[in-house]
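# Examination of the molecular architecture
Listed below are the residues making up each chain.
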Amino acid sequence: MVFGGRFSVVPAHLSQPAVTPTTERLAQLMALMSEHGWDQLLFYGHSWRKDFFRYLLNVNFSGPWAIASLNRSGEIEVTISDPWDIDLFPAFKVSLKLQPVSTPNAAIAGLELMETRHVEALGIDPVSATAEVEELRRVKSAEELDCLRRAAALADRGYHYFAQIIEPGMAEYELVAEVEGFLKCNGAEDNFMLIASGGTEVTGMKPPTERRFQPGDQVTTELTPAVNGYYAQICRTLILGEPNPEQRRAFEIFFEARQAAENLLKPGVDVADIARVQNDVFRQYGYGGYTGPKYTRVRGHNLGLHPDENPYVLEDVHYRVKEGMVVIAHPNTYLPLSGYMVFGDTLLVTADGCTSLNQAGRKLFQK
């Protein structure tokens, strides 16, 4: 490997299989380059979207951005933005300033995330490889599935901890801080988490606020820890106290919608149909008006190195599911019965269906 175009020394912790690309992945990427006539394939990441960078070189980084580049000879060059980032490359200094790309036949995965000044510094007419690399990322390797299984198990533990410690009088941000601490202490590299609380006025989930929980609150959360860069997600709803009849009825509808999605999910199925069967359950009970963008965002999405990957599960998104994909199907929406409710698991697509990577109770939780 060559880092920054000047160094051939590789720190010991970067030579582990979890960091350097596998032979299989390198072969896939180099075949992609050959197919499109690319002599160089760059992978861009910034502080929120590190996923393209980490698909080639699975190492975390601090700071605004990083770029890894693969050439036809299999050499990898890395440029990072922070001279103080000693945790990433402690053995030597790397290139900290983007240099012009040596060939015009270059493509960038994550081009749409880049600042214009970075594109200009490369000195090429940009060609996007985002869609092509996203397609490769959708089918997970055995190594990736191991990370996702561990992340899902940690999500289960995190939600049980969430349900154990929540109390009336605790603020949303206090609960989220406690859960974040639990997850980080138990192996999470990162965690994407949203929360909402209240009664039927509950809106879609958001970052935590200073609102303090009250008896009778409905509390929703989306918990998404990452293990070695890979995110698994769980969506659950909890009532502080005894659920009322409307909340129980709403959960029955959500349960049926989620089950409809899981019953249909298998290789070859269009994700539009995964969304449709969920929405059809709501329509069946007279709540079809709550299936649109005013009340809900998506009926699920792909999972991997980013917690919210394409393809999104929507009735107007068409993509044929493949074996080895990992998705979440969640009929998260507002209903006048209960307010905003959430329910969903991380699902691995198998040869003839799907299986949940989560083991947490499929129920309306109460405390």
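## So, the environment of Arg248
Along the polypeptide, Arg248 turns up in helix α7 (residues 245-264). Under the relative-accessibility criterion, Arg248 is labelled partly exposed at 36%. Measuring from C-alpha to C-alpha, the distance between Arg248 and Leu337 comes to 9.2 Å, with 89 residues separating the pair along the chain.

## Here we look at the sheet that holds strand β2 (residues 65-71)
What the four strands build is an open sheet, ordered β3-β2-β1-β4; its pairing is mixed. Every other strand in the sheet has two partners, leaving β3 (76-80) and β4 (106-109) as the edge strands with one partner each. Recorded for the sheet is a direction-independent mean angle of 20 degrees between the axes of neighbouring strands. In terms of strand pairing, β2 meets β3 through five bridges, oriented antiparallel. Bridge pairing in β3 places Ile67 opposite Thr79. Contacts from helix α1 (residues 23-36) reach β1 (40-46) and β2, with the element oriented near 75 degrees to β2.

## A word on the side chain of Thr291
Structurally, the position occupied by Thr291 is in the loop between α8 (271-284) and β9 (300-302). Those residues in contact with Thr291 that lie beyond four places of it in its chain are Asn279, Phe282, Arg283, Thr296 and Arg299.

## Notes on the side chain of Asp345
By secondary structure assignment, the location of Asp345 is in strand β14 (residues 345-349). Here the side chain of Asp345 touches Arg236 through a polar contact of 2.8 Å, side chain to side chain. Reaching out from Asp345, the side chain makes a polar contact with the side chain of Ser356 at a distance of 3.1 Å.

## Points about helix α6 (residues 172-185)
Helix length check: α6, at 14 residues, gives a terminal C-alpha distance of 20 Å against a target of 20 Å (1.5 Å per residue), a fit within 8%. Listing the buried residues of α6 in full gives Glu172, Leu175, Val176, Val179, Phe182 and Leu183. The arc that holds every buried residue of α6, seen down its axis, measures 125 degrees, which confines them to one face. Just past α6, the residue Gly187 takes up positive phi, approximately 110 degrees.

## Re the nonpolar core
Inside soluble globular proteins, nonpolar side chains tend to come together where they are buried. One finds Leu41, Phe43 and Leu175 to be the most contacted residues of the largest nonpolar core, which totals 68 residues. In terms of residue count, helix α5 (residues 142-165) provides more of this core than any other element does, eleven residues in total. For Phe43, the contacting residues outside a window of four places in its chain are Leu29, Phe52, Phe53, Tyr55, Leu56, Ala66, Ile67, Ala68, Leu70, Ala109 and Val133.

## Examining the confidence of the model for the protein
Here the protein averages 90 in pLDDT, and 90% of its residues register 70 or above. Note on residues 1-17: pLDDT is under 50 here. Beyond four places in sequence and across chains, it has 47 contacts. When the criterion is pLDDT under 50, residues 89-93 qualifies, and its contacts beyond four places in sequence or with other chains add up to 13 contacts.

## Some points on the pairing of strand β6 (residues 218-227)
The buried fraction of β6 amounts to ten of the ten residues, a majority that puts the element mostly inside the structure. Residues of β6 alternate between two faces, with Gln218, Thr220, Glu222, Thr224 and Ala226 on one and Val219, Thr221, Leu223, Pro225 and Val227 on the opposite face, all of them buried. With nine bridges connecting them, strand β5 (residues 190-198) and β6 associate as antiparallel partners. Residue pairing across strands places Phe192 opposite Thr224, the latter belonging to β6.

## Section: the environment of Gln284
Along the chain, Gln284 falls in helix α8. Considering only alpha carbons, one finds Gln284 and His160, 124 residues apart in sequence, at a separation of 32 Å.

## Looking at the packing of aromatic side chains
One pass over the full model with this rule turns up 13 aromatic pairs. Here Phe251 and Phe343 contribute two aromatic rings whose centre-to-centre distance is 5.0 Å and whose plane-to-plane angle is 55 degrees, an arrangement assigned as tilted. In this pair, Phe251 is assigned in helix α7 and Phe343 in the loop between β13 (339-341) and β14, connecting sequence segments 92 residues apart. For the pair Phe251 and Phe343, a shared accessibility class is recorded, and that class is buried. Here the aromatic cluster, defined as three or more aromatic residues joined through ring pairs, consists of Tyr287, Tyr290, Tyr295 and Tyr334. In this arrangement the basic side chain of Lys50 is found over the ring face of Phe61, its NZ or CZ atom lying 4.9 Å from the centre.

## Brief notes about α8
End to end, α8 covers 20 Å across 14 residues, agreeing with the expected 20 Å (1.5 Å per residue, within 8%). Inspection of α8 places Val271, Ala272, Ile274, Ala275, Val277, Gln278, Asn279, Val281 and Phe282 among the buried residues, and these make up the whole buried set. Where the residues of α8 are buried, they touch α7, β10 (309-312), β11 (326-329) and β12 (333-335). Trailing α8 by a residue or two, Gly286 shows a phi angle of about 85 degrees, which is positive.

## A look at the sheet that holds strand β15 (residues 354-356)
Taken in spatial order, the five strands of this open sheet run β10-β9-β11-β14-β15, and their pairing is antiparallel. Of all the strands in the sheet, just β10 and β15 have a single pairing partner and so form its edges. Going from strand to strand, the sheet's axes swing by 35 degrees on average, the running direction of each strand aside. By the bridge criterion, four bridges tie β11 to β14 in an arrangement that is antiparallel. The partner of Val326 across the bridge, within β14, is Leu348.

Conventions adopted
Residues numbered from 1 in each chain as written. Predicted model: local features only at pLDDT ≥ 70, side-chain atom pairs only at ≥ 80, totals over all residues. Heavy atoms only, no water. Helix = DSSP H or I, 4+ residues; strand = E, 2+ residues; numbered from the N terminus. Buried < 20%, exposed > 50% of the residue type's maximum accessible area, 1.4 Å probe, protein only. Pairing = 2+ DSSP bridges. Axes fitted to C-alpha atoms, helices over the stretch in contact; angles between N-to-C directions. Contact = heavy atoms within 4.5 Å. Polar contact = N/O pair within 3.5 Å; in protein donor to acceptor, adjacent residues only side chain to side chain. Expected span 1.5 Å × (residues − 1). Arc of directions from axis to C-beta. Core = buried A, V, L, I, M, F, W, Y, C linked by side-chain atoms within 4.5 Å. pLDDT = per-residue confidence, 0-100. Phe/Tyr/Trp six-rings, centres within 6.5 Å; stacked < 30°, edge-to-face > 60°. Lys NZ or Arg CZ within 6 Å of the ring centre and 35° of its normal.

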